Amino acid sequence: MNASPEKSLETGVLHATDNGVSWITLNRPEALNAIARDQREHIIALLEAASADPAVRAVVITGSGRGFCSGADLRGDTAAPERERVAGDVARTIRGGAQRLIAAVLDCEKPVIASVNGAAAGLGAHLALACDLVLASESATFIEVFVRRGLVPDGGGAYLLPRLVGPQRAKELMFFGDALSATDAERLGLVNRVLPAAALEKVTRTWAERLAAGPTRTLALTKQLVNASLDDDRTSAFAAEAAAQESNMTTLDAGEGVASFRERRPPHFRGR
């Protein structure tokens, strides 16, 4: 990257913005990038900042070392030990923690690419699957690890997986907790491309910079439409589509797209 990455020692996150792309790198390789509370909050803040920053037009989430993300760091994200746990503590922790992280990816107004360089387990798998596009190294694996710990899948897993692979496949992955290879994940539709490890960063950069050169508001509205369509009926989906196009036609990029078509030249989008 041309830009120098900024590192927060407290949160274990590397961050740099380069050619309109916000690169977020989980950086706790000694823990296979398990997500602790401070790290989670920093990632959420970076995603929210990306939505609001016109200079950021795409986001990449990846991991350092040999893992993408091994899930939530349970040792650092449990209820406070100095008081007795009361009813609702666990649900509040999940709502305010893992679910907020997944929602931040889904709600980010810029396209988000997961560049999965190794194992993505538990919350780490859901973090990848919440992204708009998923590129994976040949060595990557996806593991619904919760059942191995006697836990119900959280972090949006029971919402994401059935929508991606259907309820039967989702239950198979969640009931058994077996590691799913990158090749099998691609076959099921969880991954867009499987790549040699040496090519992962290059292809990720190419895809991210293509998105960053695109019509940013159009992509944001498209993302919202597709995500919402999984929960809407046809009437609602059609109404949302028409409203989105109405809003989109007020953007400079829409005008540029129409003008370039008429003038038979490539468009030059500015993200506005």
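So, here's what we can say about the structure. Bear in mind that the values here come from a model prediction, so they are computed numbers and not experimental data.

Calculation rules
- Residues numbered from 1 in each chain as written.
- Predicted model: local features only at pLDDT ≥ 70, side-chain atom pairs only at ≥ 80, totals over all residues.
- Heavy atoms only, no water.
- Helix = DSSP H or I, 4+ residues; strand = E, 2+ residues; numbered from the N terminus.
- Buried < 20%, exposed > 50% of the residue type's maximum accessible area, 1.4 Å probe, protein only.
- Contact = heavy atoms within 4.5 Å.
- 1 Å grid on protein atoms, 1.4 Å probe; cavity = no way out; pocket = protein on both sides within 12 Å on 5 of 7 lines; lining within 4 Å.
- Points joined across faces, edges and corners; volume = space filled by probe spheres on them.
- Pairing = 2+ DSSP bridges.
- Salt bridge = Lys/Arg side-chain N within 4 Å of Asp/Glu carboxyl O.
- Disulfide = S-S within 2.5 Å.
- Core = buried A, V, L, I, M, F, W, Y, C linked by side-chain atoms within 4.5 Å.

In this fold, T25 is placed in strand β3 (residues 21-26). Owing to a relative accessible area of 13%, T25 belongs among the buried residues under this scheme. In this structure, T25 is in contact with G12, V13, L14, T62, G63 and S64, ignoring residues within four places of it in sequence.

This part is about empty space enclosed by the protein. Under the counting rule described, the total for this entry stands at 1 cavity of 30 Å³ or more. Approximately 60 Å³ is the volume found for the largest cavity. Contributing to the lining of the largest cavity are A125, L129, F142, I143, E144, L161, L173, D178, L180 and L190. Residue assignment for the lining of the largest cavity shows that the elements contributing at least two residues are α4 (123-129) and β9 (141-143).

It is worth spelling out the pairing of strand β2 (residues 13-18) at this point. Sheet analysis places β2 next to β3, joined by 6 bridges and oriented antiparallel. Considered in β3, the bridge of L14 is made with T25. Hairpin connection of β2 to β3: 2 residues between the antiparallel strands, including N19 at a positive phi of 50 degrees.

This part covers the pattern of salt bridges. Taken as a whole and judged by the stated rule, the model has 14 salt bridges. In this structure, the salt-bridge partner of R169 is E172, at a minimum N-O distance of 3.5 Å. You can see R169 and its partner E172 sitting in helix α6 (residues 167-176), 3 residues apart, about one turn around the helix. Note that R205 and E209 form a salt bridge whose closest N and O atoms lie 3.8 Å from each other. Of this pair, R205 and E209 both sit in helix α8 (residues 197-212), 4 residues apart, roughly one helical turn. Look at the salt bridges and you will find they share partners, linking D18, E201, R205 and E209 into a network.

Turning our attention to the pairing of strand β6 (residues 112-116). Burial analysis of β6 places 5 of its 5 residues in the buried class, the great majority of the element. Sheet topology note: the β6/strand β8 (residues 133-137) ladder contains 4 bridges and is parallel. Looking across to β8, one finds that A114 is bridged to V134.

For the rest of this paragraph, the subject is the state of the cysteines. Tallied over the full model, the rule gives 0 disulfides. In this model C108 remains outside any disulfide bridge; the closest cysteine sulfur is found in C131, 9.3 Å from its own.

Moving on: the nonpolar core. Counting 47 residues, the largest nonpolar core has L47, V59, I61, V116, L127, F142 and L190 as its most contacted members. Excluding its chain neighbours within four sequence positions, the residues that come into contact with L47 are I24, V59, I61, A104, V105, C108 and V112. Ranked by size, the runner-up nonpolar core spans 12 residues in total, among them V21, V60, L195 and A212.

Turning our eyes to something else, we now look at the environment of V86. By secondary structure assignment, the location of V86 is in the loop between β5 (67-69) and α2 (89-96). In the structure, V86 is positioned 176 residues away from R262 in sequence and 65 Å away in space, judged by C-alpha atoms.

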